[in-house]
Amino acid sequence: MSAGQRAGQANPGHVAIIMDGNGRWAQMRGLPRQEGHRRGLEALRGAVRNAGELGVKILTLYSFSTENWRRPATEVSFLLGLLKRFVEKDLGQLHAAGVRVRVIGGRDDLAADIRRLVEHAETVTRDNTRMTLVVAFNYGSRDEIVRAARQLATDAAAGRIDAAAIDEAMLASRLDTADLPDPELVIRTSGETRISNFLLWQAAYAEFVFTPVLWPDFDRAAFEEALAEYGRRERRFGGLSEPVDRAAGAA
Ligand code: FPP
């Protein structure tokens, strides 16, 4: 990564979104929360289309967190149903459009039918190169890091790796996102300004854009505005905005 990238930079290659505000969108209209999620799925479809058209190569969407299991059982099963419907209904179209689908999050505690569906979506689309859609499902960053740490500890105990050789790259290689570059931009909708256990490791140097727009209303204009905000930021990765004049510094 080069220090001192200036404002006016190109669109980010990897955008991650915390899709928030479905419930409030429905509540404001006197509709059931489920209607908010249904409209949220429509917004999700639009976001994938818009990302492709705006030159975003990787789009990661937080669709269900490890904490979301605490919601009422009816809402949980509705969200699981939406995921199933999304994969079953949209996979053909995504595949035809050259979209590679990746799912991050814990797999072991998923119901067998959902696990099969997720694996199927990944297998069918694995050679697509136009764009990557990463669906974070049953995802929590702390859970992901714990699973990676457990793998490393198991390998160290079995003598397959040397514990002293564990570094950032080795830990990153055990995360669900091992094959993906870090996001440059994380967007959260609905006016909340929290990271909520999303990509804690991967977003170490990301820019954050918080928009008051509720997720079902996150349309092309809102996406473009978030990208424009990113373009106005200056990314330094802990360095300085201008190259250091070492000679002058030494003088
Ligand atoms: C946040 O709204 C959104 C979610 C918990 C899930 C996001 C789900 C979708 C976009 C629908 C598609 C779903 C899948 C699984 C593909 P919220 O309910 O927290 O809204 P609130 O904060 O206003 O109550």
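Residues numbered from 1 in each chain as written. Predicted model: local features only at pLDDT ≥ 70, side-chain atom pairs only at ≥ 80, totals over all residues. Heavy atoms only, no water.

**Q** Teacher, can you tell me more about the pattern of salt bridges here?
**A** Once the charged atoms of two side chains with opposite charge are near each other, the side chains can pair. A complete count under the given rule lists 24 salt bridges for this structure. Its salt-bridge partner being Arg188, residue Asp20 comes within 3.0 Å of it at the nearest N-O pair. In this pair, Asp20 sits in the loop between β1 (14–18) and α1 (22–28) while Arg188 sits in strand β5 (residues 185–188), placing the two residues 168 residues apart along the sequence. Like Arg188, Asp20 is buried. A salt bridge links Glu75 to Arg71, with the shortest nitrogen-to-oxygen separation between them at 2.8 Å. In this structure Arg71 comes out as partly exposed when scored by relative accessible area, which is 32%. Within the structure, one salt-bridge network assembled from shared partners comprises Asp20, Arg24, Arg188, Glu192 and Arg194. (Salt bridge = Lys/Arg side-chain N within 4 Å of Asp/Glu carboxyl O. Helix = DSSP H or I, 4+ residues; strand = E, 2+ residues; numbered from the N terminus. Buried < 20%, exposed > 50% of the residue type's maximum accessible area, 1.4 Å probe, protein only.)

**Q** Could you clarify how one ought to interpret the site of the ligand in this entry?
**A** Residues in close proximity to the ligand total 17 residues, the closest being Met19, Gly23, Arg24, Arg33 and Arg71. Between Asn22 and the ligand, the recorded distance is 3.2 Å, taken from a backbone N or O atom to an oxygen atom. Within the backbone of Arg24, a nitrogen or oxygen atom sits 2.7 Å from an oxygen atom of the ligand. Contact with the protein chains removes 92% of the 620 Å² of surface that the ligand exposes when unbound. Elements supplying a minimum of two residues to the shell around the ligand: α1, α2 (33–53) and α3 (73–96). In terms of residues, the shell around the ligand owes the most to one element, α2, which gives four residues. Grouping the amino acids of the shell around the ligand by side-chain chemistry returns six nonpolar, seven polar and four charged. (Near = heavy atom within 4 Å. Polar contact = N/O pair within 3.5 Å; in protein donor to acceptor, adjacent residues only side chain to side chain. Areas by Shrake-Rupley, 256 points an atom, 1.4 Å probe, with all protein chains shown as cover. Nonpolar A, V, L, I, M, F, W, Y, C, P; charged D, E, K, R; others polar.)

Keep in mind these values describe shape, not function.
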